[in-house]
Amino acid sequence: MPQRKAVIYLVIAIFIVAGLIVEQSLFFNLALFLILLVLLSYGWAIASVQGLKLKRITSSLQVQVGQELVEVMQLHNTTWLPKLWLEVEDHSTLSTHHANVVIPFISPYSTFTWQVKTRCDVRGEYRLGPIGMTTIDPFGIFQISRKIEQTATLMVYPSIVPIDRIYLPRSTLSGGIRRNHPAHSVTTNAVSVREYRNGDSFRSIHWSSSAKRDMLMVKEFEVDLAKEIWLIVDFDVDFMLQDTNQRNYPHPLGMVNNRLQDFSIAEYIVVIATSVTHYFVRQQYSMGYIAYDTESILYPPDRQLQLERRIQHHLATIHRRAAIGLRDILTQHTHLIRRGAPILILTSNTESLWVNEAIALKKRGFLIFCVLVEPQSFRSTQSIVSNEFLLHSANIPTITIRYGDDLKHALSQKPRLL
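Residues numbered from 1 in each chain as written. Predicted model: local features only at pLDDT ≥ 70, side-chain atom pairs only at ≥ 80, totals over all residues. Heavy atoms only, no water.

## Things to note about the pattern of salt bridges
This structure, assessed with the given rule, holds eight salt bridges. With a closest N to O distance of 3.4 Å, D90 and R56 form a salt bridge. Residue D90 is located in strand β4 (residues 83-90), and its partner R56 is located in strand β1 (residues 52-58); the two are separated by 34 residues in the primary sequence. Classification of D90 by relative accessible area gives buried; the value is 9%. Given a relative accessible area of 15%, R56 falls into the buried group. Across the pair D164 and K408 runs a salt bridge whose closest N-O atoms are separated by 3.9 Å. Of the two residues, D164 is situated in the loop between β10 (152-157) and β11 (190-195) and K408 in helix α9 (residues 407-412); the sequence distance between them amounts to 244 residues. Look at K408 and you get partly exposed, because its relative accessible area is 27%. A single network of salt bridges, built from pairs that share partners, joins R56, E71 and D90. (Salt bridge = Lys/Arg side-chain N within 4 Å of Asp/Glu carboxyl O. Helix = DSSP H or I, 4+ residues; strand = E, 2+ residues; numbered from the N terminus. Buried < 20%, exposed > 50% of the residue type's maximum accessible area, 1.4 Å probe, protein only.)

What follows is the structure, encoded as structure tokens:
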């Protein structure tokens, strides 16, 4: 195309020079005709990418790994000028989402529609759009591009395994002693009232106390200890071993018969954490969450579904090395957890330091429960067997997950104890 423009410009120059030499109007007329043709072609190309409106209709902007994203794209011509030969290119960050299309013709005031189906195989946060459009004039002289800056955010959440039951360790605290623990959201346990503060929900106002004291009073709530649990997830990438030769995208990932089709310890931990969170939130547990990537991620106990979405968002987007090890997480954050509330530790860490800390926490009255992912089953030279033995020796309930396990069955089984 640049060569074609160069030839036309050269011919115009030749006609003008010839007209000056031979003093014939014919050459000037031919040069004028070509100039008008160039101007018309340029104007046509500019007009072809104007007056276009794009509408993206997405089945859902929140999907799980293995699910299908369906997008209907509608490009509407709002002008009287027909559009010829539009090349539409989608600049989405979801690499498997191929929304590119060549539109040969759009008549005036009409709409061209096409559908794109994409299987979402990799968890993460993706951008859909923007859309780039390129057209050429009917004579093939000019190529004009335009970008429609219309974007949307797609969240691909990890797969969820439908767990039947998780056997938690029972509290050994003696009865008769009430330990109040302020809740961060409304629960069924209202224990006292206090003065209203800015930011308090109007749903928490205790109207009878407000009337008696002639001032707004709100109810204070506490978490039911029997329904509180903390999930601590270890994302130390020193132990996130994966065989990259086994991850030949795009091959079907997600869950098949509750078995994760991904040769990656990290993905196993993410899916297990997501499934455990989903189970406890659906069981009306007040759940807390502690993890690390480049910084501390700590969500106080809450029963609301918004907490599950926050945890799922973190698990969907984590790809970075944990800033500290599991032992440091246990030493730095367990002061936030009430004695008697179960702590579920999810890790593939083969070091024994964190196990010693977990045993020390159990002796101080914490209810420890461990889910271990065995690195050796992922072709690692390291094994978690020694840690498994230490935990069993300390009567800490433990479940060990290996590559290819039926995760629903493995997580629903009763933990082994000595």
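## Notes on the sheet that holds strand β18 (residues 342-347)
Within a sheet, neighbouring strands are paired by backbone hydrogen bonds and run either parallel or antiparallel to one another. The six strands lie next to each other as β17-β16-β13-β18-β19-β20, forming an open sheet whose pairing is mixed. Each edge of the open sheet carries a strand with a single partner, namely β17 (296-302) and β20 (398-401). Averaged over all pairs of adjacent strands, the angle between strand axes in this sheet comes to 15 degrees, irrespective of strand direction. In this structure, strand β16 (residues 286-292) lies alongside β17, joined through five bridges in antiparallel fashion. Along β17, the bridge assignment pairs Y292 with S296. (Pairing = 2+ DSSP bridges. Axes fitted to C-alpha atoms, helices over the stretch in contact; angles between N-to-C directions.)

## Here's the deal with helix α6 (residues 326-333)
Looking at α6, one finds that the buried residues are L326, I329, L330 and H333. One side of α6 holds all its buried residues, which, seen down the axis, span an arc of 100 degrees. Next to the buried residues of α6 lie β13 (228-233), β16, β17, β18 and α7 (353-363). (Arc of directions from axis to C-beta. Contact = heavy atoms within 4.5 Å.)

## Comments concerning the pairing of strand β8 (residues 131-136)
In terms of residue burial, β8 counts as a mostly covered element, since five of its six residues are buried. Bridge count between β4 and β8: five bridges; the pairing is antiparallel. Each residue of the ladder has a partner; that of V88, found in β8, is M133. Sheet topology note: the β8/strand β9 (residues 143-148) ladder contains six bridges and is antiparallel. The residue of β9 that forms the bridge with I131 is I148.

## Remarks on a nonpolar patch on the surface
Taken together, the side chains of I16, L20, F28, L32, I35, L36 and L39 define a hydrophobic patch exposed on the protein surface, amounting to about 640 Å² of accessible area. When contributions to the nonpolar patch are tallied by element, the ones reaching two or more residues are α1 (2-22) and α2 (25-48). For the nonpolar patch, the leading source of residues is α2, giving five residues. Residue placement: L32 occurs in helix α2. (Patch = residues over 30% accessible without salt bridge, like charges linked within 9 Å, V, L, I, M, F, W, Y side chains within 5 Å. Areas by Shrake-Rupley, 256 points an atom, 1.4 Å probe, with all protein chains shown as cover.)

## Notes on the confidence of the model for the chain
Here the chain shows a mean pLDDT of 84. Residues at 70 or above account for 86%. Confidence over residues 172-181 falls short of pLDDT 50; this stretch has 17 contacts with residues more than four positions distant or in other chains. The low-confidence segment residues 238-252, where pLDDT is below 50, has 38 contacts with residues more than four positions distant or belonging to other chains. (pLDDT = per-residue confidence, 0-100.)

## What about the environment of I232?
Position of I232 relative to the elements: it lies in strand β13. When the C-alpha atoms of I232 and T347 are compared, they prove to be 8.6 Å apart, with 115 residues separating the residues in sequence. Those residues in contact with I232 that lie beyond four places of it in its chain are I290, L326, I329, L330, I343, L344, I345 and L346.

## Description of the nonpolar core
The biggest cluster of nonpolar side chains holds 66 residues, and the ones touching the most others in it are F235, Y289, W354 and I401. With ten residues, the single largest contributor to this core is helix α4 (residues 265-282). One finds F15, A45, L54 and V101 within the second-largest nonpolar core, a separate group that totals 27 residues. (Core = buried A, V, L, I, M, F, W, Y, C linked by side-chain atoms within 4.5 Å.)

## A short note on α2
In a regular helix each residue adds 1.5 Å, so 24 residues correspond to 34 Å; α2 covers 34 Å between its end C-alpha atoms and thus fits that length. Buried residues of α2: A31, L34, L37, V38, S41, A45 and S48, and no others. (Expected span 1.5 Å × (residues − 1).)

## Focus on the environment of Y157
Summarising the element assignment, Y157 is placed in strand β10. Using a relative accessible area of 4% as the deciding quantity, one classes Y157 as buried. Not counting residues within four places of it along the chain, the set of residues in contact with Y157 comprises Q62, V63, Q64, V65, R309, Q312, H313 and A316.

## So, the packing of α7 against helix α8 (residues 385-393)
It is at 10 Å that the axes of α7 and α8 come closest, and there the two elements cross at 10 degrees. When the axes of α7 and α8 are compared, the pair comes out roughly parallel. Residue-level contacts link W354, V355 and I359 of α7 to N387, L390 and L391 of α8. Taken together, the residues of the contact of α7 with α8 sort by class into five nonpolar, one polar and no charged. (Parallel < 35°, antiparallel > 145°, perpendicular 65-115°, else oblique. Nonpolar A, V, L, I, M, F, W, Y, C, P; charged D, E, K, R; others polar.)

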